[in-house]
Structures are given as C-alpha cells and as structure tokens.
Amino acid sequence: MNVKYKLNLDVYKDRNYESIIVAQNDDKSRIIECKLYADSQPVALSSSVTAAFNATVDNVIVAENVPCIVADNAIKITLAKSMLQLAGMMKCELVLSENDTILTTQHFSVFVNKSVINTKSKYEPAGANLATKKDVNSAIETASAKMIAKDSLLNTSTSINLTSLEDTEQTANGVNISVKNNKISLSGTSTAAVNFYLKLKRAVTLEQGKAYCLSLQNFDNINNSGCVFYPANEQTSINSSWLLSEVSAFKNAVATYTATENVTVNSIKVAVATNRLVDNSCNLQLEQNNKKSAYANPDFISERIKPELYQAPDYTMHYLYVSNDYDEDTDGFGVTKFNSILSANDSITDNNYHNRYTIIVAQGTYTDMQDRYAGLSDVGLVGYRGVMMKDYVYYESENIYNPSATIIKWDGATGFDKSTLKSEDIIKKCPFHLDLNVHTHIKGFTFDCKNIRYGIHLESGGTGYATKWEVSNCIFKWGGRTDCIDYARKTTVPVFGCGHSFGEVGLIENCKIIPTNCTIGYQNHDNADNSSFGLPIKTGSNITIRNCDFGGTEIQARTLKGEYSDTPNVLTVDRCVNISEIKKLYAAPATKCDWTVVENLNI
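Residues numbered from 1 in each chain as written. Predicted model: local features only at pLDDT ≥ 70, side-chain atom pairs only at ≥ 80, totals over all residues. Heavy atoms only, no water.

### So, the overall build of the protein
Stated precisely, the cut-off is as follows: Helix and strand labels come from DSSP, where a helix needs a run of H or I of at least four residues and a strand needs a run of E of at least two; each type is numbered from the N terminus. Burial here depends on accessible area, computed with a 1.4 Å probe over protein chains only, as a share of the maximum for the residue type. Under 20% is buried, over 50% is exposed, and the range in between is partly exposed. Only heavy atoms enter the contact rule, under which two residues are in contact if any of them lie within 4.5 Å. Only the protein chains shown count as cover for residues, and all accessible areas are computed by the Shrake-Rupley method using a 1.4 Å probe.
Looking only at helices and strands, the protein features five helices and 44 strands. Within the protein, the proportion of its 603 residues that are buried is 45%. Restricting the contact set of the protein to residue pairs at least 6 apart, pairs at least 24 apart contribute 79%. Carbon and sulfur atoms form 47% of the exposed surface of the protein, whose accessible area is close to 29,400 Å².

In structure tokens:
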C-alpha cells in the first residue's frame, strides 16, 4: 500500500510532488491531501476511519497526534505555523485507525525552508520603504548564527509507554508465549492453568496517588483469547483487581489503578486458565493516565522544548467516561465510569479553571434523560431538567467527527397522555442547558429530540463576560413540540434557543439541522447585564455560526430587553447553507434591534 500526495497551495495547486516543500513564514495555508492506493487502485475509507499526524525535525517533536480530516476517501493534513518553527527535513508519520485499531502507518518527508515569502506569493509586499526578501533572508542567516546550542533548549524524555519488555520465549502446559520488539505472541491450547512472567527491561515506579492505565492494543485477531494480564513485582501482582483480559480488551476496555503507595512494577504476569485456546498477538501499554492513549513504542526517546522556554497549560484535565455497557460491576463505576451523561455531570463538584473535566460518551443511543423524566410535569418546577453545563466541563462523543454514532434521544411526550399534553408540562426539559458563568463545549452528538423546550438551550442569564461556549460537529433531528395540544400545527419552536448577554462569546460550527414541524433553526434574545465586573465599557455579545446546514429554517436575531451595550451585539453567519431567511427583530421595551448581522453566504 502506498500513498499519493497532492500539495494544495494556490501557487502549486495543479502539481504533484515526490518531495513537498514549504516556507516557514508564508501566511498561506498549507494543506497536504493524501490518498491511499493498493495495487494502483484507490482505497475506500469508511466513515469510522480517523487519522492522526506526527512529525519531527532533527528528532524534535513538532506535531504529535494532531487530528486530520478524513473525507471523500482522502486525508487532509494542515501544517500549522507552530509545526514549522524549525527549518530542515520534517519526517512525517500519518496513522490511520478504526475503532482504536491502527490500520496503517505511512511515512513521508516535507522540506521546511527558511524563506519568508514565496516567490510567487500574492502576499508579497511592495514599496520602496519595505524590506526585500534578500534583506529578510540575510537577517535570518544572521540570527541563526547567533542561536544557542540545541541541547540547551531541549529536554530529553522517554515514551509514555512505561513497559519495555525483554525479548523472551517460554513454553508450559501446551502454551507457547514469546516477546519480540515488545510484541507479545501466544499459541497453543492449555492442558492446565499456567502463569508466565514477562520481565521489563527497566523497572517502573508507580507513584502514590497517581492513576495508571493498562491497555492491550494492535491485536492480530479478536477471536482467539484466553489469557489475563497483571502488572506485577517479580511474581506478585500489584493488586489482584488490577487486571485486563483479552476479551475485555477486544471491546476497547482498559484497566486503571491509582497507587495507594509507591510500588515497583518489574514484570507482567500472564495467566492462562485450563483448556483455553490462545492464538493471538498484541502490544501492551502501561501509562500514567486515567485513560488509554494510542500505543507508543516504549523504547522511543524524544526531545521537547524546555518548560522554562515553553509555558505548559496551567490546568489539569480529568476524564470521565459514559457508556450504555457500564453498570455496578464495572471497575470504577460511579467514579470515572457512568451509564448516563447526567450522572457523570452530577458527580463533578470541584471543577474550575485549574481543574477541568471532559466527559467522553461512547457510541450508542442514550435515552436515560427521556426515561428518567418520563411523565413528570414541569408545572411549578424551579430550574431545568437535563444536563446543566458546568464551568470548564466539556462534553464530547468518543469520535467527534462521527456524530451519527452517538445519539441523544428524547421525546418529552414519553409517559404523558398526548391528548392533554401542554408545553408547560415539558418546557423545562432539554438535553443541555447553559449554566451561568461557564466555559464549555459540546462536540460530536446527534440530538434526536421533540416535545421539549428546544433542541439545545443556550441561556447565559446576563453573565456573558464570564461565558464562552461552542457547539460543533452535531446533528439536530428536531421535531418541535408537535404533540403538545397548545402547539398543534405551530412550527416556531427553534432548534437553538438562545439568550445572549453582554460580552458573551459563542460558536456554532459544522452542525446540520434536519427539521420536522420546525421553521426556525436559531432564535436569540438579549439579556440585561447581571454581571458585577465593573468594566469601563460594556461590549455586546459575539456569536458566530459557521459552516452549518440549516435545513431550510430561518435565523432570528432579536432585541427584547431594551438595555443596550456600548458596542453592538454581533451575529456572524459564515459559509452556511439552506437558510430560508435571516431576520432582525425587536419588541417593547426595546426601540431598535441592537444586532449587527454579518453575512458571508457566498450568494
């Protein structure tokens, strides 16, 4: 299997290159389009295939596990400016995976030169007082001569995979096990229970209070299994409950453990029960983390910019996992693993800027909120029903680029007599509500909903200066309130129901609306300023809707409160399609619509 490359630059857009050349500081975008070929025929890529890009220059990592776009049987890699800080030959690796299994790894090179302006760039400056390309290149050469040694800029680090296994081959009770280049292979049928112990080249110290994750990856097949893996010290397991079977690993399960004291791991115990067929190979990874990362070569040594030269994030990100398959028998259930988004969200109490959370939801259809609130009327209810999005808590499907695989389904009429159902019975229900003063995002879900407040409820309640949110890569199958008797034949319940406030920043991107009994895709209103920041100028909210398909519905920007910011509210509608109309509206006590609508619809 080989890869054909096409460099997608304005200057080079119609040419193919065996060697790809880019300039460090040319402001033009750099997109490499890759296609896979087998026997000279293009390879079709399924929608579940994902791609990641890694790159080094002079053994310095400049790109690590950077997501790429997979579409139309092609992989698009964007070379960001941060990847081009070092000139020279960039060694590139493209990793294609499906369901956490690596399908293929392809390698190629990109030459990064030091020219600031491409000789044919439309961005080239002109004018007698401007520096020429010769002046700039000369300055670069002078600065390069004064650069300090590379070793003084870099720290050397080892792989995230802590378990480098010694090569070995052992046979007992009808089973053969071998390790070569960290690949574990087993074969045979056990005549009696047997334990094997695989030695580590370097002992690993687990630090007290830190979480560690054991995973098995890159199986040759998912049919033949019969062994269980335990981290161990000599021939004693670190903890009898810290184990991972092949069967569980086939389902992408991992085994996590938080050390209660410092302890040393210097071997891996492999237990095979009686009369088990074992015929498989895999890689093992032990890492300091509470979730699985893609398999890394444990013998790999990398160099990174020293922390004093690069400011690392000043926060910790924690991960919680949601799956329909989790229950009380699941290790970590109710702590890091949950079977509903609502329960995972409710478990978080210490979220703040320095202590953040991401809730990752496995593929499947989730009706937990529909089931929990079935038949419960909202009349007289204070507050909302659904997930109240929390500050610095983020909500993602396990594959944010495949929203159709993770579905949140909620018909608010469930459990009610539809002949008497009114909107007041379901008006507080919605899968997600924006809480006050939050920084959050929602990525990669399908919302299949009707007979609830909105498809999604983004209400900042007058606290916009501390509010920044994003909704992206989502599909909204929205049916309005069609079964409420007071909304019969009404189509005015929007998908996005929004109340925006001074200083609020919001983004809706790469979303698709599939409406039924609905003609409004996005509807907002303004809010009075309830913040207490005391800023010298009150700025309006800044909302962007980008690259969305509105399914023939309209957009409404409304001013209702009559309290105006010093600068206008701005709604930017950028490269969206299938919008029936964009309306600017106001009602008393407002005397004007205080929204500036910026349209880039390429019409």
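### Some points on the pattern of salt bridges
Which entries qualify depends on this criterion: One side-chain nitrogen of Lys or Arg within 4 Å of one carboxyl oxygen of Asp or Glu is enough to make a salt bridge.
In this structure the tally under the stated criterion is 13 salt bridges. Lys210 serves as the salt-bridge partner of Glu207, at 3.1 Å between the closest nitrogen and oxygen. Owing to a relative accessible area of 36%, Glu207 belongs among the partly exposed residues under this scheme. On the basis of relative accessible area, Lys210 is assigned to the partly exposed category, the value being 31%. The partner of Lys409 in a salt bridge is Asp448, with the nearest N and O atoms 3.1 Å apart. Of this pair, Lys409 sits in strand 29 (residues 406-411) while Asp448 sits in strand 32 (residues 446-450), and the two are 39 residues apart along the sequence. Judged by its relative accessible area of 35%, Lys409 falls in the partly exposed class. A residue is classified by how much of its surface remains accessible, and Asp448, at 25% relative accessible area, is partly exposed.

### Comments concerning the environment of Tyr353
The topology assignment puts Tyr353 in the loop between helix 3 (341-346) and strand 25 (355-361). Residue classification places Tyr353 among the partly exposed residues on the basis of a relative accessible area of 34%. Spatially, the C-alpha atom of Tyr353 lies 9.0 Å from that of His439, the residues being 86 residues apart in sequence. Setting aside its immediate chain neighbours within four residues, Tyr353 contacts Asp314, Tyr315 and Tyr392.

### Thoughts on the side chain of Gln217
Heads up, the condition is: Pairs of N or O atoms within 3.5 Å make up the polar contacts considered here, provided that, within protein, one atom can donate a hydrogen while the other can accept it, and that residues adjacent in sequence are counted only when both atoms are side-chain atoms.
The topology assignment puts Gln217 in strand 15 (residues 211-217). The exposure class of Gln217 is buried, given its relative accessible area of 4%. A distance of 3.0 Å separates a polar atom in the side chain of Gln217 from the backbone oxygen of Ser293. Residues in contact with Gln217, not counting those within four places in the same chain, are Cys282, Asn283, Gln285, Lys292, Ser293, Ala294 and Tyr295.

### Considerations on the nonpolar core
Going by this rule: Buried residues of nine kinds, namely Ala, Val, Leu, Ile, Met, Phe, Trp, Tyr and Cys, make up a nonpolar core once their side-chain atoms join them within 4.5 Å.
Residues Phe432, Phe496 and Tyr522 are the most contacted members of the largest nonpolar core, which totals 64 residues. In this structure, Phe496 is in contact with Ile456, Leu458, Val471, Phe476, Ile508, Ile513, Gly521, Tyr522 and Gln523, ignoring residues within four places of it in sequence. In terms of nonpolar packing, the next biggest core, distinct from the first, is built from 34 residues, Val194, Leu206, Phe229 and Cys282 among them.

### Notes on the sheet that holds strand 13 (residues 183-189)
What counts is decided by this rule: Paired strands, as defined in this entry, are two strands with at least two bridges between them according to DSSP. Lines fitted to C-alpha atoms define the axes, with helix axes restricted to the stretch in contact, and inter-axis angles between N-to-C directions lie between 0 and 180 degrees.
Strand order in the open sheet formed by six strands is 11-12-13-21-15-19, and the pairing between neighbours is antiparallel. Looking at which strands have only one partner, the edges of the open sheet turn out to be strand 11 (168-172) and strand 19 (255-258). Going from strand to strand, the sheet's axes swing by 20° on average, the running direction of each strand aside. The pairing of strand 11 with strand 12 (residues 175-180) spans five bridges and is antiparallel. Each bridged residue has a counterpart across the sheet, and for Gln170 the counterpart in strand 12 is Ile177.

### So, the sheet that holds strand 42 (residues 569-574)
An order of 24-23-25-28-31-34-37-40-42-44 is seen for the ten strands of this open sheet, with the pairing classed as parallel. Taken across any chain shown, the strands that pair with only one partner, and hence form the sheet edges, are strand 24 (337-338) and strand 44 (595-600). Alignment of strand 28 (residues 393-397) against strand 31 (residues 439-443), held across two bridges, turns out to be parallel. Bridge assignment links Glu396 to a residue of strand 31, and that residue is Lys443.

### Examining the confidence of the model for the protein
Note the following rule: Every residue is assigned a pLDDT by the predictor, reflecting its confidence on a scale from 0 to 100.
Scored by pLDDT, the protein has a mean of 85; 86% of the residues are at 70 or more. Note on residues 1-18: pLDDT under 50 across the span, and 49 contacts to partners over four residues away in sequence or across chains. Long-range and interchain partners of residues 116-129, a stretch whose pLDDT sits below 50, account for 22 contacts in this model, where long-range means more than four residues apart.

### What to know about a negative patch on the surface
Stated formally: Within this analysis, patches are made of residues with over 30% relative accessible area and no salt bridge. Like charges are joined at 9 Å or less; nonpolar side chains (Val, Leu, Ile, Met, Phe, Trp, Tyr) at 5 Å or less. Counted as positive: Lys and Arg. Counted as negative: Asp and Glu. His and the chain ends are not counted at all. In this description, the location of a charge corresponds to atom NZ of lysine, CZ of arginine, CG of aspartate or CD of glutamate.
Side chains of Asp325, Asp327, Glu328 and Asp329 sit close together on the surface and give a patch of like negative charge. Within the secondary structure, Asp325 sits in the loop between strand 23 (316-322) and strand 24.

### Side note on the pairing of strand 21 (residues 277-287)
Counted residue by residue, strand 21 has nine buried out of eleven residues, so it is predominantly covered. Both strand 13 and strand 21 contribute to a ladder of seven bridges, which runs antiparallel. Residue pairing across strands places Ser187 opposite Asp279, the latter belonging to strand 21. Judged from the five bridges that link them, strand 15 and strand 21 form a sheet pairing that is antiparallel. Of the residues in strand 21, the one forming a bridge with Leu214 is Leu286.

### Some words on the packing of aromatic side chains
Cut-off, in case you're wondering: Planes of paired rings set the category: under 30 degrees apart is stacked, over 60 is edge-to-face and the rest tilted, where pairs are Phe, Tyr or Trp rings (Trp by its six-membered ring) whose centres lie within 6.5 Å.
With the rule as written, the count across this model stands at twelve aromatic pairs. Seen in terms of ring centroids, Tyr395 and Phe432 are 5.3 Å apart; in terms of plane orientation they differ by 65°. Their pairing is edge-to-face. One end of the pair, Tyr395, is in strand 28; the other, Phe432, is in strand 30 (residues 429-434), and 37 residues separate them in sequence. Each of the two residues, Tyr395 as well as Phe432, counts as buried. Here a set of aromatic residues connected by ring pairs shows up, and it is made of Tyr395, Phe432, Phe445, Phe447, Phe476 and Phe496.

### Concerning the environment of Leu79
Within the element layout of this structure, Leu79 appears in the loop between strand 7 (74-78) and strand 8 (88-98). What makes Leu79 buried here is its relative accessible area of 3%. Residues Leu79 and Val22 lie 57 residues apart in sequence; the distance between their C-alpha atoms is 9.3 Å. Apart from residues no more than four positions distant in its own chain, Leu79 is found in contact with Val22, Arg30, Ile32, Phe53 and Val110.

### Here's the deal with unusual backbone geometry
In this chain, Ala588 is followed by Pro589 through a cis amide linkage whose omega measures 10°. Even without being glycine, Asn181 reaches a positive phi, approximately 50°. Along the chain, the position of Asn181 falls in the loop between strand 12 and strand 13.

### Observations concerning the state of the cysteines
Just so we agree on the cut-off: Criterion for a disulfide: a pair of cysteine sulfur atoms at a distance within 2.5 Å.
Per the counting criterion, the structure on display carries zero disulfides. Between Cys282, a free cysteine, and Cys227, which holds the nearest cysteine sulfur, the sulfur-to-sulfur gap is 6.9 Å. Unpaired in terms of disulfides, Cys548 finds its nearest cysteine sulfur in Cys576, a separation of 4.7 Å. For Cys548, a relative accessible area of 3% puts it in the buried group.

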